[in-house]
Amino acid sequence: MTPPVLAPPALPIRTERLTLRHVSLDDLDALRYYTDPEVCRYLPFPAADEEALVKRVATMAGRRAPSLPDEVLSLAVVHEDTLVGDVILRLRTRADGATAPSVAEIGWAFAPEHAGRGFATEAATALVDVAFAHYPLHRLIAHLDPRNTRSAALCERLGMTLEAHLRRDWPEADGTWTDDLVYGLLREEWPAR
Ligand SMILES: CC(C)(COP(=O)(O)OP(=O)(O)OC[C@H]1O[C@@H](n2cnc3c(N)ncnc32)[C@H](O)[C@@H]1OP(=O)(O)O)[C@@H](O)C(=O)NCCC(=O)NCCS
């Protein structure tokens, strides 16, 4: 049976201080934090050079209507007309071959100059809300390197549970392997706002 095509969520999403909207090609300069090795330190790809940044922004701009496993919703996070970061929702598994995705992964990256003001928490909270309110999911997960303590703190603030510490599960660019933490949040644990 052909799986259903999922409609995209209604955008923009507004929170107290932020607007979440699609990424556009005009966001290239604001997304330059993807060229910063510190920002990308625990991301599953290296810091971008100029060519990779152009490709990355084009990919992000196209991530608007995920429906199949591995497809992504990519949202720019804007505070007072300034793009401060971005969040993603990646659809993962289906309960079977015919139903809609039931597990999805969330992720985030914020410009260092906008860190420490709760923007990532506010945006990720809105992302969790739209994930459960709009998509037929029963579970959200986040994967992170255990050294990424700021991301772990963010998962905890979202009410996620540390479910697994997988040892040497993630391949590094230099051929070594790093550990992977899995945080999870079930639909019944989601405080619908
Ligand atoms: C992960 C990441 C988004 C976390 O950023 P962050 O600045 O720690 O998170 P927030 O924006 O939610 O800010 C939280 C901080 O703001 C403070 N804060 C200030 N005002 C606040 C408010 N109104 N509401 C909530 N928190 C507020 C919090 O107390 C917290 O401070 P603390 O770190 O001293 O405890 C950021 O480190 C990042 O982009 N890293 C690089 C990319 C990355 O690794 N992504 C994840 C891969 S798995």
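Scroll up a little and you will see the structure.
Just so we're clear, the structure is a prediction, and the values are computed from it rather than from any experiment.

### As for the site of the ligand
Here's step 1: Around the ligand, the surrounding shell holds 19 residues, and the nearest of these are Trp108, Phe110, Gly116, Thr121 and Asn148.
Here's step 2: Between the ligand and tryptophan 108 there is a distance of 2.7 Å, counted from a nitrogen atom to a backbone nitrogen or oxygen.
Here's step 3: One of the backbone nitrogen or oxygen atoms of phenylalanine 119 is found 3.1 Å away from an oxygen atom of the ligand.
Here's step 4: Protein contact buries 67% of the 970 Å² of open area that the ligand shows by itself.
Here's step 5: Counting residues per element, the ones that place at least two in the shell around the ligand are strand S5 (103-110), helix H3 (119-134), strand S6 (139-144) and helix H4 (149-157).
Here's step 6: Its residues assigned to classes, the shell around the ligand shows nine nonpolar, six polar and four charged.

### Description of the sheet that holds strand S1 (residues 13-14)
Here's step 1: Pairing within the open sheet is mixed, and its eight strands lie in the order S1-S2-S3-S4-S5-S6-S8-S7. Only two strands of the sheet have a single neighbouring strand rather than two, namely S1 and strand S7 (161-171).
Here's step 2: H3 rests against S1, strand S2 (19-22), strand S3 (72-79), strand S4 (82-91), S5, S6 and strand S8 (177-186) of the sheet, and its axis sits at about 160 degrees to S5.

Each value, and the rule that gives it
Numbers given to residues run from 1 along each chain, matching the order in which its sequence is written. Local features in this predicted model are restricted to residues whose pLDDT is 70 or higher, and side-chain atom pairs enter the listing and the counts only when it is 80 or higher, whereas totals over whole chains, interfaces and linings include all residues. Side-chain metrics in this entry use all non-hydrogen atoms of the structure; hydrogen atoms and water are not considered. Whether a residue is near a molecule or strand depends on its heavy atoms: if one lies within 4 Å, it is near. Contacts described as polar in this section are N or O atom pairs within 3.5 Å, which, within protein, must combine one atom able to donate a hydrogen with one able to accept it, while residues neighboring in sequence count only if both atoms come from side chains. Surface exposure here means Shrake-Rupley accessible area, sampled with a 1.4 Å probe, where a residue is shielded only by the protein chains that are shown. Under the scheme used here, helices are H or I runs from DSSP no shorter than 4 residues and strands are E runs no shorter than 2 residues, and both carry numbers assigned from the N terminus. Residues are grouped as follows: nonpolar covers Ala, Val, Leu, Ile, Met, Phe, Trp, Tyr, Cys and Pro; charged covers Asp, Glu, Lys and Arg; every other residue, Gly included, is treated as polar. In this scheme, strands are said to pair when DSSP sees at least two bridges between them. We call two residues in contact when some of their heavy atoms are within 4.5 Å. Axis angles are defined between N-to-C directions and span 0 to 180 degrees, where every axis is a line fitted to C-alpha atoms and, for a helix, only to the segment in contact.

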